[in-house]
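# Per-entry structural report
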Amino acid sequence: MFRNLIFDWSGTLCDDMALTIEATNYVLEQYGRAPLDRAAFRAEFQLPYPDYYAVKIPEARLEDLENYYRKAFAASTVGVTLIPHAREFVQWCRERGIRCFILTSMDPKAFAEQAHQLGMYHYFEHIHSGIHNKEHYIATLMQQHGLVPAETAFIGDMQHDIRAAHCAGITGIGTLTGYNNPTQLAEAEPELTVPHLGALQQLLGKCQPPTAESICLNGLELSCCIGVPEEERATPQRLTADITLVPPCTFGAMGEDIERTINYDTLACRLADIAAAEPTVLIETLACKLANCCVQEFGALRAEVELHKYILPQLLSTSVRTTSMARDRK
């Protein structure tokens, strides 16, 4: 159903509301405004936040507001946690070759620290952080990554997220784990609203194919000096590899442009060179090298390599299988 998912961060994947309220109250204090409790904050806070502060503190300069906010954010000892089901959902997306992106108004440095601390940074192909107005920016994101609207959804917890999705002509999915309450979120008219990402995973699992579109190299012939005994490594031997790749964009989005897919002739030659380059003790080691090359050098989102070795006369072959996934692609 969806080949691409854009995620908001705060309230969608990460629970940092207590920290945000503390920093917001620090900002309000600098201008003599009364602090907000959780209920009041959820009732009135909206994005884009410059618009919110323009109403709340019209005399304040945006630069000063942001400096106060960053100071409070950095000094706070309030912890942040992942929202339940968040990690499981993005891992599920990865296993299906679904491209995942972040679009958040959070300060880039603060986001990177949180995402790395929570072990989530590597799940996303690209991070778009520090974006004040998602409605204005999302078309740039779509164009930059070649995303097809019919294959893309934006998942968020606030009205601004859903409206940004509609500006890009993509599906807006609301989750009730964050800053807007159900009534507020409904006003933006999301195409789908879920209580949490676990529920969304169940829904998508009924219609999402188990694997994304793929490119297969079947029976690739390799020559390698390989084996545990030194005498076995003395002479090159024949191996074969079956390789399944998830390309960096969908077939429909390639538009006959070879630069947007994986040149399997060039890849086959490169993998053969890796196998022949130096003696290898374990077939497992070579399989990992081949899979990592597909991702790191050729841009595959996911690469599965099954490597066959023909050394034991009583067996047709011995094989190992491994998978490599794209990580920290920016």
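These remarks concern the structure in this document. (Residues numbered from 1 in each chain as written. Predicted model: local features only at pLDDT ≥ 70, side-chain atom pairs only at ≥ 80, totals over all residues. Heavy atoms only, no water.)

Bringing the packing of helix 12 (residues 264-277) against helix 13 (residues 283-296) into the picture now. Helix-helix packing is described using two parameters, namely the angle between the two axes and the distance between the axes. Two elements in contact, helix 12 and helix 13, have axes separated by 10 Å at closest approach and are oriented at 150°. Helix 12 and helix 13 meet at a crossing whose hand is right-handed. Between helix 12 and helix 13, the contacting residues are Leu267, Arg270, Leu271, Ile274 and Ala275 on the first element and Leu286, Lys289, Leu290, Cys293 and Cys294 on the second. Looking at the contact of helix 12 with helix 13, its residues break down into eight nonpolar, no polar and two charged. (Axes fitted to C-alpha atoms, helices over the stretch in contact; angles between N-to-C directions. Helix = DSSP H or I, 4+ residues; strand = E, 2+ residues; numbered from the N terminus. Left-handed = near helix turned anticlockwise from the far one by under 90°. Contact = heavy atoms within 4.5 Å. Nonpolar A, V, L, I, M, F, W, Y, C, P; charged D, E, K, R; others polar.)

In this section: a nonpolar patch on the surface. A cluster of nonpolar residues, Val228, Val281 and Leu282, forms a patch on the protein surface that exposes about 250 Å² of accessible area. As for its position among the elements, valine 281 is in the loop between helix 12 and helix 13. Owing to a relative accessible area of 41%, valine 281 belongs among the partly exposed residues under this scheme. (Patch = residues over 30% accessible without salt bridge, like charges linked within 9 Å, V, L, I, M, F, W, Y side chains within 5 Å. Areas by Shrake-Rupley, 256 points an atom, 1.4 Å probe, with all protein chains shown as cover. Salt bridge = Lys/Arg side-chain N within 4 Å of Asp/Glu carboxyl O. Buried < 20%, exposed > 50% of the residue type's maximum accessible area, 1.4 Å probe, protein only.)

Before going further, it helps to examine the state of the cysteines. Here the structure, examined in full by the defined rule, presents zero disulfides. Not part of a disulfide, cysteine 100 finds its nearest cysteine sulfur in cysteine 93, a span of 4.2 Å. On the basis of relative accessible area, cysteine 100 is assigned to the buried category, the value being 4%. Among the cysteines around cysteine 294, which has no disulfide bond, cysteine 293 carries the closest sulfur, lying 5.7 Å off. Looking at cysteine 294, the relative accessible area reads 0%, which means it is buried. (Disulfide = S-S within 2.5 Å.)

So, about helix 6 (residues 108-117). Listed in full, the buried residues belonging to helix 6 are Ala110, Phe111, Gln114 and Ala115. The buried residues of helix 6 all sit within an arc of 125° when viewed along its axis, so they share a single face. Away from its buried face by more than 90 degrees, helix 6 exposes Lys109 and Gln117. Here the buried face of helix 6 lies against strand 2 (14-15), helix 1 (17-30), helix 4 (62-75), strand 4 (99-103) and strand 5 (126-128). Between the side-chain oxygen of the N-cap and the backbone nitrogen of lysine 109 there are 3.2 Å, and the N-cap of helix 6 in question is aspartate 107. (Arc of directions from axis to C-beta. Polar contact = N/O pair within 3.5 Å; in protein donor to acceptor, adjacent residues only side chain to side chain.)

Treat this as a map of the structure, not an account of what it does.
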